[in-house]
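These are the residues of each chain, in order.
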Amino acid sequence: MSKTSDQHKTAVHDEDYEIVLSCRKGDDEAFGILVERHQKKVFNTALRMTGDYDEACEVVQEAFLAAFRAIRKFRGEAKFSTWLYGIVVNVSKTRLKQAAQRRRKTVSIDDPADDPADGLAAEGVSALEALEKKDVQAKVQRCIGTLEEEFREVLVLRDIQGFSYDEIGGILEVPEGTIKSRLFRAREAMKNCLKKELGRL
Amino acid sequence: MDCRRIEEKLPAYLEGALPPEEGKLVEGHVAACPNCRRVLEDLVKAEKLIRGLEEADPPPWLKQKIMAGVREERARREGFLRKLFYPLHIKIPATALATVLIAVFAVYVFRSVEPETRYLHQVPSEPASAVREKVSEPTAVIAPKAAVPEAPPDGDRVAVSAAGREADRKRLPTEEKEARPRPEQQAVAEKTVAEKPDAAPSESAAVRMHKTPLAGSALPPAGKGRALSGAAAKDEMRTPAVAARVKAGGPGYVFSLYARDPAMAVNDVESLLAGYGARKITKEFRDGMGLVTAEIDAGKKEDILRKLKSLGEVREKDKAAEYHAGPVSLKIEVLAGP
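Cut-offs used in this document
- Residues numbered from 1 in each chain as written.
- Chains lettered and ligands numbered in written order.
- Predicted model: local features only at pLDDT ≥ 70, side-chain atom pairs only at ≥ 80, totals over all residues.
- Heavy atoms only, no water.
- pLDDT = per-residue confidence, 0-100.
- Contact = heavy atoms within 4.5 Å.
- Disulfide = S-S within 2.5 Å.
- Helix = DSSP H or I, 4+ residues; strand = E, 2+ residues; numbered from the N terminus.
- Buried < 20%, exposed > 50% of the residue type's maximum accessible area, 1.4 Å probe, protein only.
- Buried area = accessible area lost by both parts, 1.4 Å probe.
- Salt bridge = Lys/Arg side-chain N within 4 Å of Asp/Glu carboxyl O.
- Polar contact = N/O pair within 3.5 Å; in protein donor to acceptor, adjacent residues only side chain to side chain.

All names here are of chain B. For chain B, the mean per-residue pLDDT works out to 70, and 54% of the residues sit at or above 70. Below a pLDDT of 50 lies the segment residues 135-181, which in the model reaches 68 contacts outside its immediate sequence neighbourhood of four places, other chains included. The ipTM assigned to the predicted complex is 0.81, against a pTM of 0.50.

On to the state of the cysteines. Inspection of the entire model under this criterion finds 1 disulfide over all chains. Two residues, A:C143 and A:C193, share a disulfide whose sulfurs are 2.0 Å apart. Looking along the S-S bond of the A:C143-A:C193 disulfide, the torsion reads about -85°, which is the left-handed sense. With A:C143 in helix α6 (residues 127-146) and A:C193 in helix α9 (residues 176-198), this pair connects stretches of sequence that are 50 residues apart. A:C193 matches A:C143 in its accessibility class, with the two residues each being buried. The cysteine B:C33 is free of any disulfide, with B:C3 supplying the nearest cysteine sulfur at 3.6 Å. For B:C33, a relative accessible area of 12% gives the class buried.

Attention now moves to the environment of A:V42. Relative to the elements of secondary structure, A:V42 occurs in helix α3 (residues 28-50). Through-space distance from the C-alpha of A:V42 to that of A:V88 is 6.9 Å; in sequence the pair is 46 residues apart.

Right, let's talk about the interface of chain A and chain B for a bit. With 43 residues of chain A at the interface, the matching set in chain B holds 35 residues. Buried area between chain A and chain B, both sides added, is near 3800 Å², and the carbon and sulfur share of it is 60%. Viewed at the interface, chain B and chain A are joined by 11 salt bridges. Across the pair B:R51 and A:D159 runs a salt bridge, and its minimum N-O distance is 3.4 Å. Put simply, chain A and chain B have 14 residue pairs in polar contact (both at pLDDT 80 or more) between them. At the level of elements, α3, α4 (53-70), α6, α7 (149-160) and α9 of chain A are the ones that each hand at least two residues to the side of chain A that touches chain B. Tallying contributions element by element places α3(A) first for the side of chain A that touches chain B, with 12 residues.

Here we take up the pattern of salt bridges. On inspection of all chains with the given rule, the structure shows 32 salt bridges over all chains. Among the salt bridges present, the one from B:R71 reaches A:E29, with a minimum N-O distance of 3.8 Å. Of the two residues, B:R71 is situated in helix α4 (residues 61-118) and A:E29 in helix α3; the pairing between them involves two chains. Accessibility expressed as a relative area gives 43% for B:R71, which makes it partly exposed. Of the charged contacts, one joins B:R315 and B:E313 as a salt bridge, the two residues approaching to 3.2 Å between their closest N and O atoms. What makes B:E313 partly exposed here is its relative accessible area of 37%. Residues participating in the shared-partner salt-bridge network are A:D159, A:R187, B:E15, B:E47 and B:R51.

Structure (structure tokens):
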């Protein structure tokens with residue numbers, strides 16, 4: 001962990017930092033550049049965390065607005081993206097809890113993870129293959145949805161978004177060892193779930 | 001080591017995160033155990049499936065919506081600041097400051113318009129009196145109210161005229177600079193009134209004109225002097241308006257000459273004035289009293305006065321102002337003196 005934090009301090013290069021400084025001076029359009037840069041990855045993180053397209057849109061808006069409000073508090077100890085994904089993960093988890101509460105109150109008709117691959121185009125593949133691929137992706141997403149939050153977040157950040165352990169440690173503020181053990185358990189659970197869903201791998 | 005414990009270690013093994021000894025142990029087991037090998041393969045395939053999840057594109061409106069939220073947030077923050085400061089900290093001082101500025105501006109306008117409005121009441125010609133009526137009618141109600149705070153220049157003048165009208169003399173040089181042909185001045189005056197029918201300046205102009213009948217006789221005809229003075233004005237001065245003013249006993253000097261024989265003195269005065277190039281000389285003698293009026297050059301006044309003194313005792317009746325150049329009227333009463 002001490003190694004991790006040392007790396008944080010020395011990892012001063014942040015291509016977002018100058019733009020962040022402009023934002024802090026009141027340049028709202030500079031914030032637009034940050035949105036442009038990060039929205040796709042933020043959106044996909046939110047999509048895999050929540051498993052719902054519309055919910056992911058809400059998460060992205062909420063997370064960026066929260067970042068805008070708090071940008072004066074961002075001091076550049078970590079990279080802006082690390083700070084931003086921390087917000088995204090937290091907003092995602094908050095909204096998942098709220099959604100769970102809503103579902104408990106009203107009788108759920110369909111699983112929110114049912115149709116996660118909306119809008120995923122598979123060009124150049126036959127319709128059947130596309131359909132199959134879509135089906136597989138939906139099942140993968142459904143399996144992600146079965147994971148406990150603490151396993152889900154590491155799986156999404158590591159295996160889907162490809163963050164380094166160091167970055168994930170910064171985003172989640174969890175030691176690297178913990179991240180790894182959670183990740184291995186998450187993969188194990190995913191393997192079991194997918195085997196159940198797909199019949200065979 | 002049984003298969004269950006090996007399976008638990010497989011994800012770490014795949015990641016290369018096991019200590020070397022444990023790694024070798026797992027490797028040996030997997031090579032020998034087809035069941036565990038299949039689990040390992042499933043794990044690899046599962047990871048591939050997870051990594052194979054396609055990236056979705058956010059909707060195109062998402063950024064716009066975020067930025068709209070950002071602007072809203074900014075507006076709300078500023079709105080909050082406004083709420084914080086506006087009613088108590090800024091609004092009242094701003095209102096007070098605006099009021100003061102308006103007052104200062106009004107006084108400034110009043111003062112700058114004053115020289116133009118001053119002579120309005122002194123113009124006996126038709127258009128001027130028309131203007132006077134027009135203005136005084138609607139402002140009659142306002143006049144008394146406005147007269148109280150706005151009157152100082154007027155009051156000044158009344159006071160000064162009572163005290164020998166020193167101030168008027170001092171004011172003269174600037175007034176001379178503004179000397180203009182009469183018709184033009186009149187036009188300017190009308191313009192001033194027409195342009196600002198409701199503004200404070202016209203109110204004060206009305207006030208001024210209202211006061212005129214009261215203070216008129218006591219007021220020194222400064223405006224007239226200005227109108228009559230100035231080298232550029234010489235020829236234009238002989239317009240009917242000026243003639244009318246001279247006839248009305250307007251601006252200029254009024255002397256009383258006490259002579260032993262007024263009837264003789266009247267003729268003497270006439271020839272004296274004629275000798276100094278006086279124009280429009282009129283002469284009257286009735287009931288032992290004579291009156292000679294004329295238009296003279298202001299510069300010759302002292303000379304004329306000196307000569308008059310040789311005819312008898314001279315008293316200057318109206319010492320309102322000194323005129324240094326241009327034509328002024330002169331009125332000499334000739335009375336039976338000691």
